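Examination of the molecular architecture
The residues making up each chain are set out below.
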Amino acid sequence: MFPLDFPLGILRRRASRRDRVLDPFCGRGTTNFAARLLGLESWGIDSNPVAGAITSAKLVRTTPAAVVQEAKSMIEDYRRPEIPNGEFWSRAYHPDVLRSLCSLRAGLLERRSSMTRRALRAIVLGALHGPLQKTFPSYFSNQCPRTYAPKPAYAIRYWRKHRMMPPNLDVLAIIQRRADRYYNGNLPEGSGDVILGDSRDPAAFAASGPFQWVITSPPYYGLRTYLQDQWLRNWFLGGPDTVDYSTPGQLSHSSAESFADQLRQVWENAAGVCRDGATLVIRFGGISDRNADPREVLAQSLHRTAWRLTRVNNAGHARHGRRQADAFLPVLSRPSTEHDFWACLG
Ligand SMILES: C[S@@+](CC[C@H](N)C(=O)[O-])C[C@H]1O[C@@H](n2cnc3c(N)ncnc32)[C@H](O)[C@@H]1O
């Protein structure tokens with residue numbers, strides 16, 4: 001994620017009241033949420049269903065009471081849900097907690113989407129795994145990372161070694177606390193939508209526009225585990241109960257040239273739904289075990305498009321927990337400096 005201040009600062013200083021905003025790699029919807037805070041319409045595109053579900057919840061209006069009531073009725077109505085089995089599942093979740101999660105999963109898959117259900121879905125996704133807490137629990141799982149789901153074999157070894165069993169938790173209380181945090185305020189009405197699609201495909205842009213702003217952060221060259229890292233959240237959205245290593249709809253990282261070509265296609269697609277004079281702002285970095293210079297990859301991707309690169313700002317190094325590269329540090333080496341690329345259409 002990039003920090004909320006990044007898109008919010010740009011839009012607050014420079015956007016007009018009727019401007020529309022697009023993020024073709026919307027991730028968790030930071031750009032969309034910033035637009036909403038300013039009362040602007042925004043659209044997001046992402047090929048990862050987890051990203052789509054989280055972003056769409058950032059555009060809804062509901063109340064904590066409605067979210068908790070919805071959760072309660074699903075847990076009561078879906079009493080015999082399908083429950084995955086095996087050591088990973090029995091060590092990841094207390095049996096009662098897992099049953100409630102499976103009831104919520106079944107209800108959310110079966111009942112038609114509504115604003116409240118979108119909010120509930122994202123709240124459960126956010127609470128699905130994370131660290132154990134001493135006071136008020138915030139996550140449903142045994143000890144886990146919060147940002148990515150551990151691979152089952154690794155997690156089982158870790159829980160066995162540390163003799164950790166999953167706690168029995170009050171699922172509704174966790175939902176209530178999160179709903180209070182996210183839906184108690186007086187947010188402006190959210191308008192716009194999220195498309196679950198591949199932004200290399202012009203069809204993903206068809207329903208939206210025209211836009212004055214595109215503010216985005218594509219996957220950094222070399223970071224390509226967005227889907228498998230979210231396998232547990234993807235299971236909750238109807239996916240398999242095992243890690244799926246395929247990467248449908250994700251940019252391919254086979255070479256810097258092909259990566260730049262794919263980005264070029266996205267910028268061209270975005271240009272097709274933007275007004276003349278629109279602004280494109282891209283935050284981009286890389287990881288140091290790739291030889292390619294991220295600045296060159298990005299400049300290359302804008303070359304021969306309808307966008308004119310106007311400036312490049314140094315956005316500093318990734319700081320703890322704030323930038324996308326951080327989550328991968330133990331696995332993939334150090335992040336490089338990030339840059340903000342500004343371009344103008346026409
Ligand atoms: C760096 S993240 C975006 C983070 C976002 N700025 C935020 O604050 O949450 C990049 C996103 O691009 C998505 N992505 C990768 N390839 C894509 C493609 N071909 N089409 C659409 N989205 C894609 C990934 O699923 C991921 O969510």
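Keep in mind the model is a prediction, meaning the values are calculated, not measured. Here the residue numbering is sequential within each chain, running from 1 through the sequence in written order. With pLDDT at 70 or above as the cut-off, local features in this predicted model cover only qualifying residues; side-chain atom pairs require 80 or more to be listed or tallied, and sums for whole chains, interfaces and linings still use all residues. Computation of side-chain values covers all heavy atoms of the structure but excludes hydrogens and water.

Another point: the pattern of salt bridges. Opposite charge on two side chains permits pairing when their charged atoms draw close. Put simply, a salt bridge is a Lys or Arg side-chain nitrogen that is within 4 Å of an Asp or Glu carboxyl oxygen. Applying the stated rule across the entire model yields 12 salt bridges. Linking Asp-340 and Arg-283 is a salt bridge whose minimum nitrogen-to-oxygen distance equals 2.7 Å. Note that Asp-340 is positioned in strand β7 (residues 338-345) and Arg-283 in strand β5 (residues 274-284), a separation of 57 residues in sequence. Neither Asp-340 nor Arg-283 differs from the other in exposure class; each is buried. Here the salt bridges do not stand alone but share partners, grouping Glu-70, Asp-77, Arg-111 and Arg-117 into one network. Note on conventions: DSSP H or I runs of at least 4 residues are helices, E runs of at least 2 residues are strands, and numbering of each starts at the N terminus. Burial here depends on accessible area, computed with a 1.4 Å probe over protein chains only, as a share of the maximum for the residue type. Under 20% is buried, over 50% is exposed, and the range in between is partly exposed.

Here we come to the environment of Ile-54. Here Ile-54 is to be found in helix α3 (residues 49-57). Classification of Ile-54 by relative accessible area gives buried; the value is 8%. C-alpha separation for the pair Ile-54 and Gln-143, spaced 89 residues apart in sequence, amounts to 22 Å. Each residue touching Ile-54, except ones within four places of it in the same chain, is listed here: Arg-28, Ala-122 and Leu-125. Two residues form a contact once any of their heavy atoms are found within 4.5 Å.

This paragraph deals with the site of the ligand. Surrounding the ligand, one finds 23 residues, the nearest of these being Arg-28, Thr-30, Asp-46, Ser-199 and Gly-249. With respect to the ligand, the side chain of Asp-198 contributes an N or O atom lying 3.0 Å from a nitrogen atom. N or O atoms within 3.5 Å of each other form a polar contact, as long as, within protein, one can give a hydrogen and the other can take it, and as long as residues adjacent in sequence are counted only when both atoms are side-chain atoms. For the ligand, an oxygen atom lies 3.0 Å from a polar atom in the side chain of Gln-250. Across the shell around the ligand, the residue classes tally to nine nonpolar, 10 polar and four charged. We call a residue near a given molecule or strand whenever any one of its heavy atoms falls within 4 Å of it. Three classes are used, and their members are as follows: Ala, Val, Leu, Ile, Met, Phe, Trp, Tyr, Cys and Pro are nonpolar, Asp, Glu, Lys and Arg are charged, and the others, Gly among them, are polar.

Here we take up the packing of aromatic side chains. Two rings belonging to Phe, Tyr or Trp (six-membered ring only in the last case) form a pair when the distance between their centres is within 6.5 Å. Interplanar angles under 30 degrees mark stacking, angles over 60 mark edge-to-face geometry, and anything in between is tilted. Within the structure shown, the criterion is met by 12 aromatic pairs. Summarising the aromatic geometry, the rings of Phe-88 and Trp-159 are spaced 5.6 Å apart at their centres and angled 35° between planes, so their arrangement reads as tilted. Highlighted residues: Phe-88 in helix α5 (residues 87-92) and Trp-159 in helix α8 (residues 152-161), separated in sequence by 71 residues. Trp-159 carries the same exposure label as Phe-88, and that label is buried. One aromatic cluster in this structure is built from Phe-88, Trp-89, Tyr-93, Trp-159, Trp-231, Trp-235 and Phe-236. In this structure, Arg-178 packs its charged tip against the face of Tyr-139, placed 5.0 Å from the ring centre. Note that Arg-283 overlies the ring of Phe-6, its terminal NZ or CZ placed 3.9 Å from the centroid. Only when the NZ of Lys or the CZ of Arg is both within 6 Å of the ring centre and within 35 degrees of the ring normal is a charge said to sit over the ring.

Taken domain by domain, the chain consists of domain 1 (5-60 + 192-345) and domain 2 (64-183). Each domain's extent was defined by an automatic or database domain assignment. Between domain 1 and domain 2, the C-alpha centre-to-centre distance is 28 Å. Contacts between the two partners involve 21 residues from domain 1, matched on the other side by 29 residues from domain 2. Together, the buried faces of domain 1 and domain 2 total about 2,400 Å²; carbon and sulfur atoms form 68% of this surface. By definition, the buried area sums, over both parts, the 1.4 Å-probe accessible area that each loses when the two are put together. When residues of domain 1 are sorted by the area they lose upon contact with domain 2, Arg-233, Trp-235 and Phe-236 head the list and together hold 33% of the total. The interface formed by domain 1 and domain 2 contains one salt bridge. Of the charged contacts in the structure, one is a salt bridge between Lys-151 and Asp-229, with a shortest N-O distance of 4.0 Å.

Joining through side-chain atoms within 4.5 Å is the link that ties buried Ala, Val, Leu, Ile, Met, Phe, Trp, Tyr and Cys residues into a set, and such a set is a nonpolar core. Within the largest apolar cluster, 46 residues are counted, with the highest numbers of intra-cluster contacts made by Phe-88, Tyr-93, Leu-104, Leu-120, Val-124, Phe-140 and Ile-175. Where this core is concerned, the elements lending two or more residues are α3, α4 (64-77), α5, α6 (95-110), α7 (115-127), α8, α9 (171-183) and α10 (231-236). Top contributing element to this core by residue count: α7, with seven residues. Residues from two domains meet in this core; each of domain 1 (5-60 + 192-345) and domain 2 (64-183) gives at least three. By size, the runner-up hydrophobic cluster in this structure holds 34 residues, among which are Tyr-220, Ala-260, Leu-263 and Trp-307.

Here we take up the state of the cysteines. In this description, a disulfide is simply a cysteine sulfur pair whose atoms lie within 2.5 Å. Counted by the stated rule, this structure contains zero disulfides. Residue Cys-26 stays outside any disulfide, its sulfur separated by 15 Å from that of Cys-274, the closest cysteine. With relative accessibility at 4%, the residue Cys-26 sits in the buried group. Free cysteine: Cys-344, not disulfide-bonded; nearest cysteine sulfur from Cys-274 at 11 Å.

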